[in-house]
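# Analysis of the macromolecular model
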Amino acid sequence: MAGGSERSMRALKEVWRRAENSLCADCGKPDPDWASSTLGVFICLSCSGIHRNIPSISKVKSLKMDHWDDAQVQFLAKHGNAVTKATYEAHIPIYYYQPTYNDCQVLREQWIRAKYERKEFTEPGKHLPYSDGVKEGILWKRGRDNGQFLPRKFLLSEREGSLKYFTKQDAREPKINVKIDVINATFQPAKIGNPNGLQITYLKDNKTRNIFVYHESGKEVVDWFNAIRSVQFHYLKVAFPIASDNEIKNRLTRNFLKEGYMEKTGPKQREAFKKRWFTLDHRRLMYFKDPLDAFAKGEVFVGSRENGYSVQKGLPSGTQGNFSWHYGFTIVTPDREYVFTCETETDQLDWITAFTSVINQAMTPQEYASKCLHAVSF
C-alpha cells in the first residue's frame, strides 16, 4: 500500500514538473500547487478558491497536502494545462480580457466561470453576451456632486461608436454621449468600495473625466467591460485597417500604471506640500483632491527620455516647502520640475519605477499630438 502511494506521488510530481504546468492555468501565477481532479488543470491557491465555489464543475486538491490516487494522477497526466486549455480556451475573442493574478477577484472569477461553467470559448461562432455590438442596461453610477450611487441607463453602440448614459429610463436625450475611442475602463473595487466597481474614464476637451459604476452581478459588470472592448476593437479595425489584430488589442482598455497618495508642491518649490491622490495613466499624470473626484485638479504629460524627460530620486536642493513625508522624487520635463514626496520608501521606489517605464518608451505620433494639445495645470 505504501509502495503504491509512493508510486503515485512520484508520478504526480513528474506531471507537476512539466513546463506546461509551471504556471496557473487560469491566472498565470508561477508555481501552482493545487489542481482540479475533474478538469485536469494545475492552479494557484487563489484560483482554487474560485474553483471550489463551482463544485459541480471542479473538484480541487492540494498537490502537497492531499492524497492523490492512481486514477486521479493518470487523469492529470492525460490532461494537464495544455490539453485542457486547448478545449476550454479554443475560441477566445481577441478583444476578451484574460486576467492575470494581479487582477481583481471579479475579473478572475468570471474568467474561470466563462471557461469551465458556461463554456463560452469551446465552439467557434458561439453567441456571447458581449459580442452583439450593442449593450443596454442599468448600472449604479456615483453622483458627481452628492456621491450617491443611483441606477442609470447605459447604452453602448458599435454602429454609433459611442457610450451613452441617461438620468431617467425614459429620457430621450443622454446625459453624456462619448465616442468609444476616447474611453478607458478599469476595475477599481477598493477605490469604489464595491467588489464589482468599474471606473470608466474618457477625454473631454483633452481632459480626463471619471465615471464610477457597479452592478450587483459580477457577470453583468464583466460583460459590460468586455462589450466596451469588443466595440472598441471593431471601431479601431475600421479606423486603422492596416494594423494587426494584436496591435489593435494593445490599444484597448488598460489598467493604470500606478495610483496612490503623494504630497505635491507648486512650481516655485516653496509652497506648502499638499496631500493629493495621483493616477499615472500611461503618459498622463493626474492629481485629485479625492480618489473619487470626477475631474482631475491638474494633469501633466510625461514624455520620453529622448525628449528631455527624466525621473530622479530625491528633491532639488532648493526645495523649501514644508512636507510631512520624506521620501521624495523629481520629474524633470523640458518646461519645469515636478516635486513629490511619498509616505514610505516602497511607495517612492514604486512610483520611480512606474515613471521610468513610461519615460524609457519612445513616443508615438499620436502621443506627440497629445502633448501639443495637453494643458499643463499643476
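Residues numbered from 1 in each chain as written. Predicted model: local features only at pLDDT ≥ 70, side-chain atom pairs only at ≥ 80, totals over all residues. Heavy atoms only, no water.

### Looking at the sheet that holds strand β5 (residues 149–157)
Strand order across the open sheet formed by 7 strands is β7-β6-β5-β4-β10-β9-β8, with antiparallel pairing between neighbours. The two strands at the open ends of the sheet, each matched to only one other strand, are β7 (176–179) and β8 (183–187). Averaged over all neighbouring strand pairs, the angle between strand axes comes to 35°, with direction disregarded. As paired elements, strand β4 (residues 134–142) and strand β10 (residues 207–214) share 2 bridges and run antiparallel to each other. Pairing of Lys141 across the sheet is with Val213, part of β10. (Pairing = 2+ DSSP bridges. Helix = DSSP H or I, 4+ residues; strand = E, 2+ residues; numbered from the N terminus. Axes fitted to C-alpha atoms, helices over the stretch in contact; angles between N-to-C directions.)

### Thoughts on the UniProt feature "domain: Arf-GAP" (unreviewed entry) in the protein chain
Following the UniProt record, the feature "domain: Arf-GAP" (unreviewed entry) maps to residues 6–129 here. Taken as a whole, residues 6–129 contains 40% helix and 6% strand, while its terminal C-alpha atoms sit 48 Å from one another. (UniProt positions renumbered as here; feature names shortened; annotations may be inferred.)

### Let's talk about unusual backbone geometry
The backbone of Lys119 shows a phi angle near 50°, a positive value even though the residue is not glycine. Along the chain, the position of Lys119 falls in the loop between α5 (105–117) and β4.

### What about the packing of α5 against helix α7 (residues 218–239)?
Between two packed helices, both the angle of their axes relative to each other and the distance between the axes serve to describe the pair. Two elements in contact, α5 and α7, have axes separated by 10 Å at closest approach and are oriented at 90°. Relative to α7, the element α5 is oriented roughly perpendicular. Contacts between α5 and α7 involve Val106, Leu107 and Gln110 on the former and, on the latter, Gly218, Lys219, Val221, Val222 and Phe225. Each residue belonging to the contact of α5 with α7 can be placed in one class, and the counts come to 5 nonpolar, 2 polar and 1 charged. (Parallel < 35°, antiparallel > 145°, perpendicular 65-115°, else oblique. Contact = heavy atoms within 4.5 Å. Nonpolar A, V, L, I, M, F, W, Y, C, P; charged D, E, K, R; others polar.)

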